[in-house]
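Letter by letter, the chains look like this.
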Amino acid sequence: PRGSNRGGNRGATSTANRGLGDADGWLQLSPEEEREVVYRRAWLCFLWLRARAAGLEPGLADARCERWLPRALAGPGRKFDGAREALEVEAGLAELRELGVESALWEKSRVEARPAAIEEVEDAAAA
């Protein structure tokens, strides 16, 4: 019947060539998109490991390291479940931003690096 397209515009031409019909109806990622997800997953893991080492978000950082480290170590050969992996990684990155973890890590490294840089400049000026 007319108007019963419950799936919306699922057959759009922009996604038609990307395998819209996997088992759960999720999009399949292109090889380039898979590489991007692998990179972002590794970055997410790296930031949580740094946060844990820096003592930021103590309980949460441990839990997130347990969640993301095995996935990051799986590397590019890990089987992707459609676009779900990309969505989970994006949600993880959004969580880091909302908590201010990345900003706090950058600020902490900037403060720690500043005294060393000042000493180097002072030593060079004294020489």
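Going by the structure above, here's the rest.
Worth saying up front: this structure is predicted, and the values here are computed from it rather than measured. (Residues numbered from 1 in each chain as written. Predicted model: local features only at pLDDT ≥ 70, side-chain atom pairs only at ≥ 80, totals over all residues. Heavy atoms only, no water.)

Moving on, we get to the overall build of the chain. Along its length, the chain carries 5 helices and 0 strands. Among the 127 residues that make up the chain, the fraction classed as buried is 24%. Counting contacts in the chain only where the partners sit at least 6 residues apart, residues at least 24 apart contribute 65% of the total. As presented, the chain carries roughly 8,700 Å² of accessible surface, and 55% of it is formed by carbon and sulfur atoms. (Helix = DSSP H or I, 4+ residues; strand = E, 2+ residues; numbered from the N terminus. Buried < 20%, exposed > 50% of the residue type's maximum accessible area, 1.4 Å probe, protein only. Contact = heavy atoms within 4.5 Å. Areas by Shrake-Rupley, 256 points an atom, 1.4 Å probe, with all protein chains shown as cover.)

This paragraph deals with unusual backbone geometry. Residues apart from glycine generally show negative phi values, whereas peptide bonds are mostly found in trans. You will see that Glu 57, though not glycine, has its phi angle at about 45 degrees, which is positive. If you trace the backbone, Glu 57 turns up in the loop between helix H2 (31-54) and helix H3 (58-73). Take Glu 57: its relative accessible area is 33%, and that puts it in the partly exposed class.

So, on to the side chain of Arg 71. Within the secondary structure, Arg 71 sits in helix H3. Looking at Arg 71, its side chain comes within polar contact range of the side chain of Glu 85, at 2.9 Å. (Polar contact = N/O pair within 3.5 Å; in protein donor to acceptor, adjacent residues only side chain to side chain.)

Between its first and last C-alpha atoms helix H4 (residues 84-99) spans 23 Å; for 16 residues at 1.5 Å apiece the expected length is 22 Å, and the two agree. Count one or two residues on from H4 and you reach Gly 100, which has phi positive near 75 degrees. (Expected span 1.5 Å × (residues − 1).)

Another aspect to go through is the environment of Leu 44. Note that Leu 44 resides in helix H2. Judged by relative accessible area, which is 0%, Leu 44 ranks as buried. Note: C-alpha distance between Leu 44 and Cys 65 (21 residues apart in sequence) is 9.2 Å. Residue contacts for Leu 44: discarding those within four places in its chain leaves Trp 68, Val 89, Gly 92, Leu 93 and Leu 96.

Tallied over the full model, the rule gives 10 salt bridges. Linking Arg 40 and Glu 90 is a salt bridge whose minimum nitrogen-to-oxygen distance equals 2.6 Å. With a gap of 50 residues between them, Arg 40 in helix H2 and Glu 90 in helix H4 connect regions that are remote in the sequence. You can call Arg 40 partly exposed: its relative accessible area is 30%. For Glu 88, the salt bridge is made with Arg 67, and the minimal N-O distance between the two is 3.5 Å. A residue pair is termed long-range when its members are at least 10 positions apart, and Glu 88 in helix H4 and Arg 67 in helix H3 qualify at 21 residues. Judged by its relative accessible area of 32%, Glu 88 falls in the partly exposed class. (Salt bridge = Lys/Arg side-chain N within 4 Å of Asp/Glu carboxyl O.)

This is a description of form; function is not addressed.
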